[in-house]
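Topology and contacts: notes
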Amino acid sequence: MSKKVYLKTWGCQMNVHDSEKMLGILKEEGYSQSDNPFHADLIILNTCSIREKAERKFYSELGRIKAYKNKRPDINIAVAGCIAQKEGRAIFKKASYVDFIFGPQNIHILKDFVSGTNLHISTEENPRIAETDLPVKRADSIKAWITIMYGCNNFCSYCIVPYTRGRERSRPSKNILSEAEELASKGYKEITLLGQNVNSYKYDTDFPGLLRKLNRVGGLERIRFITSHPKDLSDELIDAIFGLPKVCEHIHLPIQSGSDNILRLMRRGYTYADYIKKVSRLREKVPGIAITSDVITGFPGESHADHVLTLKAIKEIEFDGLFAFKFSKRPGTKTFDMEGCLNEKIKSERLSEILSIQDRITSRKNRLLEGTKQEIMIGGYSDTDKEKLTGRTRTNKIVNVPKFKIERGSLIIVEITKGKQHSLEAISLEK
Ligand code: SAH
Ligand code: SF4
Ligand code: F3S
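Residues numbered from 1 in each chain as written. Chains lettered and ligands numbered in written order. Predicted model: local features only at pLDDT ≥ 70, side-chain atom pairs only at ≥ 80, totals over all residues. Heavy atoms only, no water.

Among the structural elements, glutamine 358 can be located in helix H13 (residues 344–368). A residue is classified by how much of its surface remains accessible, and glutamine 358, at 3% relative accessible area, is buried. Within the structure, the side chain of glutamine 358 is placed 3.0 Å from the backbone oxygen of phenylalanine 319, a separation counted as a polar contact. Ignoring sequence-local partners within four residues, the contact set of glutamine 358 consists of Ile314, Phe319, Asp320, Gly321 and Leu322. (Helix = DSSP H or I, 4+ residues; strand = E, 2+ residues; numbered from the N terminus. Buried < 20%, exposed > 50% of the residue type's maximum accessible area, 1.4 Å probe, protein only. Polar contact = N/O pair within 3.5 Å; in protein donor to acceptor, adjacent residues only side chain to side chain. Contact = heavy atoms within 4.5 Å.)

Below you can see the structure in the form of structure tokens.
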């Protein structure tokens, strides 16, 4: 009987994809996946430390896991991901029942752990990981993630990522290309290129060059990428989004704040005027492009006037979607000792103001799509209504249509009949 692994993941798409790599390694070692920790021989917690809340979720899970270890001392427990990298051995001290600790730069070490070496921790900075192609067990058979770069060099003053994922390393374009070709040959239709700052991809080609190469891969229908940093968004990339048929008309371009004061304290490397200029250029050259963003509210020293500038920016730009977060102080980052921390009440009030303005914008923008024709890629049945099929537009909006017989991954043209808050209703124009 094969050994079983229970794997729980928190955090960004990059972390979710790292979990797919862990499952790829474990599959080669004879493991299959279980959704029940009681039946597992190995439990992996793939963690995120972007905000304090994410850390708290991990520690409460780690507490629960102790009970499994007490019942079945032969279970191995591994802590992976960004908390593992940041905390290292301290996790053994807090939870002596943990067997293995490894960071995002050392996923390959999982093979050694499970094959029974004496190694128990691996949180080395690993500059060579970009050259190490790991096996991947993918959760989906139509859409796939491909890592194009690791780490981040930006050191935004609030952010833990450069400390957990290390320096920026780009992966050779031939490895990326052969991964894309292999996926296409297996029937994958959509790839999403992953990196903390894909715009600064640089190996033997730059990011627009990489997109041009990938656009030629036969069988692939859609190419997406995440995340773009505003300071590195070039005209050449905008041209690539416009000119390359497979590259989808959606960009996630985190603004973080509408106040130049705060952007400077955040060390983002652009002003609000710079950001607006890029948004205008995107919208001019790529009509209908969807722009989504991230905002942090309650950054230390954020005055009411700064907050109003963020609200103004949100109203002015009219994002297609927005993730807003309360500032969370991360140990080790530049903001850790910064003065001017705001209390939770103010942060919560500012957050709900931001969210309610954006909600109105999102639903208005969705209503404006009523009557338009859109191409969607069928992802399967809707989670909430099995009578409906669900898919995404090229601009990444969720569309539901009454079900009919069609394969996952098919592209169909639909007419939008209703724009709702979080999705669009449509009818198929295919039959
Ligand atoms: N590389 C991406 C972001 C990765 S983290 C970029 O630069 O845009 C995802 C989002 O988490 C960030 O855009 C930011 O809005 C948020 N975030 C990061 N650190 C945070 C912190 N300390 N507190 C609150 N939100 C944070
Ligand atoms: Fe963090 Fe800034 Fe790097 Fe994004 S660009 S991962 S916010 S340091
Ligand atoms: Fe979290 Fe690490 Fe991603 S901190 S958001 S899992 S890069």
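Evaluation of the coordinates by the stated rule reveals 36 salt bridges. Salt-bridge contacts for lysine 86 lead to glutamate 87; the nearest nitrogen and oxygen are separated by 3.2 Å. Judged by relative accessible area, lysine 86 falls into the partly exposed class, the value being 24%. For glutamate 87, a relative accessible area of 22% gives the class partly exposed. Close ionic contact of aspartate 133 with arginine 171 constitutes a salt bridge, the shortest N to O distance being 3.2 Å. Of this pair, aspartate 133 sits in the loop between strand E6 (121–122) and strand E7 (143–147) while arginine 171 sits in the loop between strand E9 (169–170) and helix H7 (173–185); the two residues are 38 residues apart in sequence, bridging distant segments of the chain. (Salt bridge = Lys/Arg side-chain N within 4 Å of Asp/Glu carboxyl O.)

Moving on, we come to helix H1 (residues 13–28). Its 16 residues place the ends of H1 23 Å apart at the C-alpha level, agreeing with the 22 Å of an ideal helix rising 1.5 Å per residue. Burial runs high along H1: twelve of the 16 residues are buried. Among the residues of H1, those classed as buried are Met14, Asn15, His17, Asp18, Ser19, Glu20, Lys21, Met22, Leu23, Gly24, Ile25 and Leu26. (Expected span 1.5 Å × (residues − 1).)

Attention now moves to the nonpolar core. One finds Leu193, Phe207 and Leu211 to be the most contacted residues of the largest nonpolar core, which totals 53 residues. Counting residues per element, this core draws most heavily on H7, which supplies five residues. Leave out the neighbours within four places in its chain, and leucine 211 touches Leu193, Ile223, Phe225, Leu237, Ala240, Leu244 and Val247. Core analysis: the second largest hydrophobic core is formed by 22 residues, Tyr6, Cys48, Ala54 and Ile101 among them. (Core = buried A, V, L, I, M, F, W, Y, C linked by side-chain atoms within 4.5 Å.)

Once that is clear, we can look at the domain arrangement of the protein chain. When its domains are assigned, the protein chain resolves into domain 1 (3–122), domain 2 (129–367) and domain 3 (373–428). Computed from C-alpha coordinates alone, the two centres of domain 1 and domain 2 are separated by 27 Å. Between domain 1 and domain 2, the residue contacts involve 26 residues of the former and 29 residues of the latter. Across the interface of domain 1 and domain 2, roughly 2,500 Å² is buried in total on both sides, 61% from carbon and sulfur atoms. (Domains from an automatic or database assignment. Buried area = accessible area lost by both parts, 1.4 Å probe.)

This brings us to the sheet that holds strand E2 (residues 31–33). Hydrogen bonds between backbone groups are what pair the strands of a sheet, and the pairing can be parallel or antiparallel. If you trace the six strands from one edge of the open sheet to the other, you get E2-E1-E3-E4-E5-E6, paired in parallel fashion. Of all the strands in the sheet, just E2 and E6 have a single pairing partner and so form its edges. Pairing geometry for strand E1 (residues 3–9) and strand E3 (residues 42–47), over five bridges, is parallel. Its bridge partner lying in E3, valine 5 is registered against leucine 42. (Pairing = 2+ DSSP bridges.)

Another point: a nonpolar patch on the surface. Together, Ile413, Ile427 and Leu429 give the surface a local cluster of nonpolar side chains, amounting to about 220 Å² of exposed area. On the secondary structure map, isoleucine 427 appears in strand E19 (residues 424–428). (Patch = residues over 30% accessible without salt bridge, like charges linked within 9 Å, V, L, I, M, F, W, Y side chains within 5 Å. Areas by Shrake-Rupley, 256 points an atom, 1.4 Å probe, with all protein chains shown as cover.)

Looking now at the site of ligand 1. Every one of the 15 residues lining ligand 1 counts as a neighbour, but Gln196, Pro254, Gln256, Asp294 and Ser328 are closest to it. Arginine 268 is positioned such that a nitrogen or oxygen atom in its side chain is 3.3 Å from an oxygen atom of ligand 1. A distance of 2.8 Å is found between a nitrogen atom of ligand 1 and a backbone nitrogen or oxygen belonging to serine 328. With the chains in place, 90% of the 550 Å² that ligand 1 exposes on its own is no longer accessible. At the level of elements, strand E13 (290–297) and strand E14 (321–326) are the ones that each hand at least two residues to the shell around ligand 1. Taken together, the residues of the shell around ligand 1 sort by class into six nonpolar, four polar and five charged. (Near = heavy atom within 4 Å. Nonpolar A, V, L, I, M, F, W, Y, C, P; charged D, E, K, R; others polar.)

All right, on to the sheet that holds E14 then. Read across the open sheet, the three strands follow the order E12-E13-E14; overall the sheet is parallel. The strands lining the two open edges of the sheet, one partner per strand, are strand E12 (250–252) and E14. Shown here is a sheet whose adjacent strand axes are inclined to one another by a mean of 10°, direction ignored. As paired strands, E12 and E13 are joined by three bridges and run parallel to one another. Bridge pairing in E13 links histidine 252 to threonine 292. Its contacts with the sheet put helix H11 (residues 272–285) on E12 and E13, and the angle it makes with E13 is roughly 160°. (Axes fitted to C-alpha atoms, helices over the stretch in contact; angles between N-to-C directions.)

Relative to the assigned elements, lysine 277 resides in helix H11. The spacing of lysine 277 and glutamate 316 is 39 residues in sequence and 12 Å in space, taken between C-alpha atoms.

Looking now at the packing of aromatic side chains. Taken as a whole and judged by the stated rule, the model has eleven aromatic pairs. Centre to centre, the rings of tyrosine 275 and phenylalanine 319 are 6.4 Å apart; their planes meet at 70°, and the pair counts as edge-to-face. One end of the pair, tyrosine 275, is in helix H11; the other, phenylalanine 319, is in the loop between helix H12 (304–317) and E14, and 44 residues separate them in sequence. Each member of the pair tyrosine 275 and phenylalanine 319 is classed as buried. By the ring-pair criterion, three or more aromatic residues cluster together here, those being Trp10, Phe58 and Tyr59. Over the face of the ring belonging to phenylalanine 325 we find arginine 51, whose NZ or CZ atom lies 3.7 Å from the ring centre. If you follow lysine 329 out to its NZ or CZ, it ends over the ring of phenylalanine 336, 5.3 Å from the centre. (Phe/Tyr/Trp six-rings, centres within 6.5 Å; stacked < 30°, edge-to-face > 60°. Lys NZ or Arg CZ within 6 Å of the ring centre and 35° of its normal.)

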